[in-house]
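# Architecture and fold: a report
What follows is the residue order along each chain.
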Amino acid sequence: MNTPLRRVAVAVMVMVVALLVNATYLQVVKADDLRSDPRNSRVLLDEYSRQRGQISAGGTVLAGSVATDDRYKYLREYPSDPSAYAPVTGFYSMQYGKTGLELAEDPLLSGNDSSLFGRRLIDMFSGRDPRGANVLTTLNPMMQQVAYEQMTSKGYTGAVVAIEPSTGKILTMVSTPSYDPNELSGHDGAAGRAAWERLSTDPSQPMLNRAVSQTYPPGSTFKTIVTAAALSNGVAGPNDQFTAAPNITLPGTSTTLENYNGSTCGDQATASLYEAFRRSCNTAFVELGVKVGAAKLKDEAAAFGIGVEDPPGVPIPVAESTVGPIPDNAALGQSSIGQRDVSMTPLNVAVIAATIANGGTRMQPYLVDQTQAPDLSELSKTKPVSIGQAVSPQVASTLTDLMVASEANTAGGGRSPYQIASKTGTAEHGSNPRNTPPHAWYMAFAPAQNPKIAIAVIVENGGDRALAATGGSVAAPIARSVLDAGLAGG
Amino acid sequence: MSAPPPPSAGAFPSPPGGFAPAPPPSTRRNQELLLLAGAAGITTVSLFIVEASQEQSITTDIAKYGVAFLALFGIAHLAVRRFAPFADPLLLPIVALLNGLGLVLIHRLDLAEAQKAAYDATSVPSPDANQQIMWTGLGIVVFISLLIVLRDYRTLARYTYTLGLVGLVALAIPALLPSRFSEVNGAKIWIRLPGFSMQPGEFAKILLIIFFAGVLVAKRDLFTAAGKHFLGMEWPRPRDMGPILIVWIVCIGVLVLEKDLGTSLLIFGTVLVMIYIATERVGWLIIGGGLLALGFVFAYQLFGHVRVRVDTWLNPFDDYHNTGYQISQSMFGFATGGLAGTGLGSGRPQQVPFAKTDFIVTTIGEELGLIGLTAVLMLFLIFIVRGLRTALAVRDSFGKLLAAGLSFTIAIQIFVVVGGVTKLIPLTGLTTPFISYGGSSLLANYALLGLLIKISDAARAPAPTRKRPPAPIADAATEMVRRPESRASE
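Parameters at a glance
Residues numbered from 1 in each chain as written. Chains lettered and ligands numbered in written order. Predicted model: local features only at pLDDT ≥ 70, side-chain atom pairs only at ≥ 80, totals over all residues. Heavy atoms only, no water. UniProt positions renumbered as here; feature names shortened; annotations may be inferred. Helix = DSSP H or I, 4+ residues; strand = E, 2+ residues; numbered from the N terminus. Buried < 20%, exposed > 50% of the residue type's maximum accessible area, 1.4 Å probe, protein only. Contact = heavy atoms within 4.5 Å. Areas by Shrake-Rupley, 256 points an atom, 1.4 Å probe, with all protein chains shown as cover. Buried area = accessible area lost by both parts, 1.4 Å probe. Salt bridge = Lys/Arg side-chain N within 4 Å of Asp/Glu carboxyl O. Polar contact = N/O pair within 3.5 Å; in protein donor to acceptor, adjacent residues only side chain to side chain. Nonpolar A, V, L, I, M, F, W, Y, C, P; charged D, E, K, R; others polar. Phe/Tyr/Trp six-rings, centres within 6.5 Å; stacked < 30°, edge-to-face > 60°. Lys NZ or Arg CZ within 6 Å of the ring centre and 35° of its normal. Pairing = 2+ DSSP bridges. Axes fitted to C-alpha atoms, helices over the stretch in contact; angles between N-to-C directions. Parallel < 35°, antiparallel > 145°, perpendicular 65-115°, else oblique. Left-handed = near helix turned anticlockwise from the far one by under 90°.

If you check an unreviewed UniProt entry, chain B appears there as Cell elongation-specific peptidoglycan biosynthesis regulator RodA from Nocardia fluminea. According to the UniProt record, the Subcellular location (unreviewed entry) comment for chain B is "Membrane".

Labelled according to an unreviewed UniProt entry, chain A appears under the name Cell elongation-specific peptidoglycan D,D-transpeptidase, originating from Nocardia fluminea.

This is how it looks when you write it as structure tokens:
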């Protein structure tokens, strides 16, 4: 029996060698692939022990990492006015993942991005812990804070988006009500879970970024698109006459549609386009929209970025704005005053204002101005990108004149030290629109002849004015405060 | 069988003054004590490292576990000194080191669980290391009892059929019990009663090895009966294949009814090798291999759980979130460990499900790296080879087969477990001997160690000196037949 015993001993050695060869393959040859597999939760956990990069705005640190003495080494902190910046920064949570820029710029912030490879290598050899890159946003902290204070001091639900027309830089992105991302980034799991439970079940949806993730009926602000389509296609000029009647029957139906408060459009039988735009007369725009036609209206809307692919310049995902289906003239009439199925993000409304301000050239909006390596050397700088001419400079100029006239006709208008071009909107919504407080809109840019800032404000459900709310009375004052803050500073 | 040692014939003339008294035969017990002290040292240092990197402070657990470890193996050593003085000095220290390492890893995973519980604000589970110490204690009680009770392991041969029957029944009980008493995590291999649960398969394994050693010694003729000469070797006659077919059917039954691929592979492989050693015929290995292949093809075709295991083995990441989760996590763990490991207490082995039992080898691979895994496999290899050496050295066939079976079963188990978690072969749910958490496994393996030590004691004990060379049979006086005396009474 001894010969087979010796052979069995050899077989056992072969078995152990096979195990070792396989283990070597797994732990040495294939190890890198497996380590970098995104499903490997150890990678994520390693990130917590690495110093994550900063997110900042004009020298203000919005998100940073501070060293702790617990086993995760670093705590993510949102030191300055966290609720005001939450829609931009998002949160960074061990349990619930990431949102906002924390998610969009994660490879850079965590230091995993390939552009940081060389530095990681140096860090490895010099024995320094790898660090993440910094993200510098385009936000103007003054405007951001004013916008947030204005919205929250009155308890408004809504959003404010401001853009630099010549570049597309997003200067303000506020969504209210908001939340404190510090509550979700802590290392205390129970506290984090409690905060998550509270925030995610809150009916006011504090974690919803209304500026980009939510669409609303644009109401009368959409009249700028109808006007732009009419002017660009030669359908009508500013002096062409339209009905001034207080109400109009939608083509092919018995449904009537009326002007705000049922008033006539001025004191004549007809009103010019200029007058209709200034007074925001619904009946005239139903007529104008039908005259323009669905195809041209849709084309013009697309030129302003409505219903086209989410521009990649904003790293945070943007909900798609849409004109909706326009099957007949009745639908076209309703759509022409920004109702029915037209729905837009506040960002897109701000883009419309910025495009008109920029002489009709639509710039791609963006939120990240620069990225910096941990040693503060520049990694990348965003170059403004033009995504097309929505209207000619002449049409843009005419639209500006119309919007200046509209501002003069809006409550509180004309008191600023600079000229504002604006359009208000009071959008009905809900299943019983007559008795549901309307959304109050205001889009504007200033100074009208040398625009520095374009802005869109929405206050959901009439803010504090309920059914009596209008864009001019509720949303406009907020936008003017933000414009004041932005223009005074620069 | 080896021939009896040649009689020490007195052919030489006695030197003047006669022979000096022979030195006492070396027992090597002090070597064992030294190695045990080394094992205790490694275990204690490892506990320090774990605590230092996990808690950043040293708790009383070290003293508790360290003292318990010292006391248990001190007693075991004394028992070996008293009851098996000539036993192989490596077996007990290797088991002590493996058991100590298991204890360290279980304690380390306890700490991870406690941390998670603190993080989740749930109650901290009672530490499994305490249980493991208790099971180790019971295991050593079983071990010492075997040394004392079993004066001569050959007495076991008398109970061949009884033990075999008990083994089969133990193996079959979980299959016959309703699932709620026998199923844990999908494997029907338990007996679960309130306040008590065990895996009878662990014990059945040893009983069946004893049974087969007995049967093979008694009925070797049955297996060696001349058969046909075919393909260059002697094949057994079909009618002699009954016993192995029965084992095959039993193993398939275990696989089908208990969904336990590991145990059926373990038992069948061990029996096959024992037959080979007993008969010295390769033909049996070929037949057995064929039956094994047939069994698996058959099982793969018919049974879903076998198919799932094999598919998961081939493409572990395809169903990452379900069947592939364990093996994927295990591979991530090995890859994270790399060559040198993350260091004890610094990895995240708790990411792998069942890290304390089926996947404890992954914990070794992650925290001690390929180097640590190699060291552990070498310990097992030395243990198995020392066991096979015992089989070579021992003089009786029953002892040879028993020692070979017991050693080889550890070899298969290591191969199946380590091969399973490193994706060399499909995953099966077996524990790692002496390291994994679990009472049944520890008790059974300590019983195995006891038997092996007992056989090695017999193998290494100096042969009883014969008073005189046996007289030729024709010259011998008739003797009164007596029962064979056991050695302890000599």
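## Observations regarding the overall build of chain B
Helix and strand content of chain B: 17 helices and 4 strands. Out of the 490 residues belonging to chain B, those deemed buried represent 51%. Within chain B, contacts between residues at least 6 apart in sequence are counted, and of these 74% link residues at least 24 apart. If you sum the accessible surface of chain B, you get close to 22,300 Å²; carbon and sulfur atoms cover 66% of it.

## Digging into the interface of chain A and chain B
In this assembly, 42 residues from chain A lie in contact with 57 residues from chain B. For the pairing of chain A and chain B, the buried interface totals around 4,300 Å² over both sides, and the portion due to carbon and sulfur atoms is 67%. When the buried area of chain A at its contact with chain B is split by residue, Met1, Gln27 and Arg42 of chain A rank highest and sum to 20% of it. Where chain A meets chain B, there are 0 salt bridges. Where chain A packs against chain B, one counts 9 residue pairs in polar contact (both at pLDDT 80 or more). When contributions to the side of chain A that touches chain B are tallied by element, the ones reaching two or more residues are α1 (2-29), α2 (31-35), α3 (41-47) and α10 (189-201) of chain A. The greatest single-element share of the side of chain A that touches chain B, amounting to 20 residues, is contributed by α1 of chain A. Among the residues forming the side of chain A that touches chain B, the class breakdown is 20 nonpolar, 10 polar and 12 charged.

## Details of the packing of aromatic side chains
Enumeration according to the criterion identifies 15 aromatic pairs over all chains in this entry. Seen from their ring centres, Tyr320 of chain B and Phe332 of chain B are 6.5 Å apart, and the 55 degrees between their planes marks the pair as tilted. Note that Tyr320 of chain B is positioned in the loop between α12 (304-314) and α13 (325-337) and Phe332 of chain B in helix α13, a separation of 12 residues in sequence. A single burial state applies to Tyr320 of chain B and to Phe332 of chain B, both of which are buried. Three or more aromatic residues joined by ring pairs make a cluster, and in this case those are Phe91, Tyr96, Tyr179 and Trp196 of chain A. Residue placement shows Lys423 of chain A over the ring face of Phe277 of chain A; its charged tip is 5.8 Å from the ring centre.

## Digging into the pattern of salt bridges
Summed over the entire model, instances satisfying the criterion amount to 20 salt bridges over all chains. Two residues, Lys381 of chain A and Asp369 of chain A, come together in a salt bridge whose shortest N-O distance is 3.4 Å. Of this pair, Lys381 of chain A sits in strand β15 (residues 378-381) while Asp369 of chain A sits in strand β14 (residues 368-372), and the two are 12 residues apart along the sequence. Residue classification places Asp369 of chain A among the buried positions, given a relative accessible area of 13%. Arg108 of chain B is paired through a salt bridge with Glu367 of chain B; the nearest N and O atoms lie 2.7 Å apart.

## Comments concerning the sheet that holds β15 of chain A
All names here are of chain A. The 6 strands lie next to each other as β3-β2-β1-β6-β14-β15, forming an open sheet whose pairing is mixed. Single-partner strands in this sheet number two, and they are β3 (74-77) and β15. Between one strand and the next, the sheet's axes are offset by a mean angle of 20 degrees, whatever the strand orientation. As defined by bridge partners, β14 adjoins β15 across 3 bridges and the pair is classed as antiparallel. Its bridge partner being in β15, Gln372 is matched across the sheet by Glu378.

## Let's talk about the packing of helix α10 (residues 261-279) of chain B against helix α11 (residues 282-302) of chain B
Residue and element names in this part refer to chain B. Packing of α10 against α11 leaves a shortest axis separation of 8 Å and a crossing angle of 165 degrees. Relative to α11, α10 is oriented roughly antiparallel. α11 is crossed by α10, and the crossing has right-handed handedness. Facing α10, whose interface residues are Leu261, Leu265, Phe268, Leu272, Ile275, Tyr276 and Thr279, α11 presents Val282, Trp284, Leu285, Gly288, Gly289, Leu291, Leu292 and Phe296. Class assignment for the residues of the contact of α10 with α11 results in 12 nonpolar, 3 polar and no charged.

## Here's the deal with the pairing of strand β19 (residues 453-459) of chain A
All names here are of chain A. Counted residue by residue, β19 has 7 buried out of 7 residues, so it is predominantly covered. A two-sided burial pattern is seen for β19, the buried positions comprising Ile453, Ile455, Val457 and Val459 on one face and Ala454, Ala456 and Ile458 on the other. With 6 bridges joining them, strand β7 (residues 158-163) and β19 adopt antiparallel strand pairing. Each bridged residue has a counterpart across the sheet, and for Ala159 the counterpart in β19 is Ile458. Pairing geometry for strand β18 (residues 439-446) and β19, over 7 bridges, is antiparallel. Of the residues in β19, the one forming a bridge with Phe445 is Ala454. Linkage of β18 to β19, two consecutive antiparallel strands, is achieved through a turn of 6 residues.

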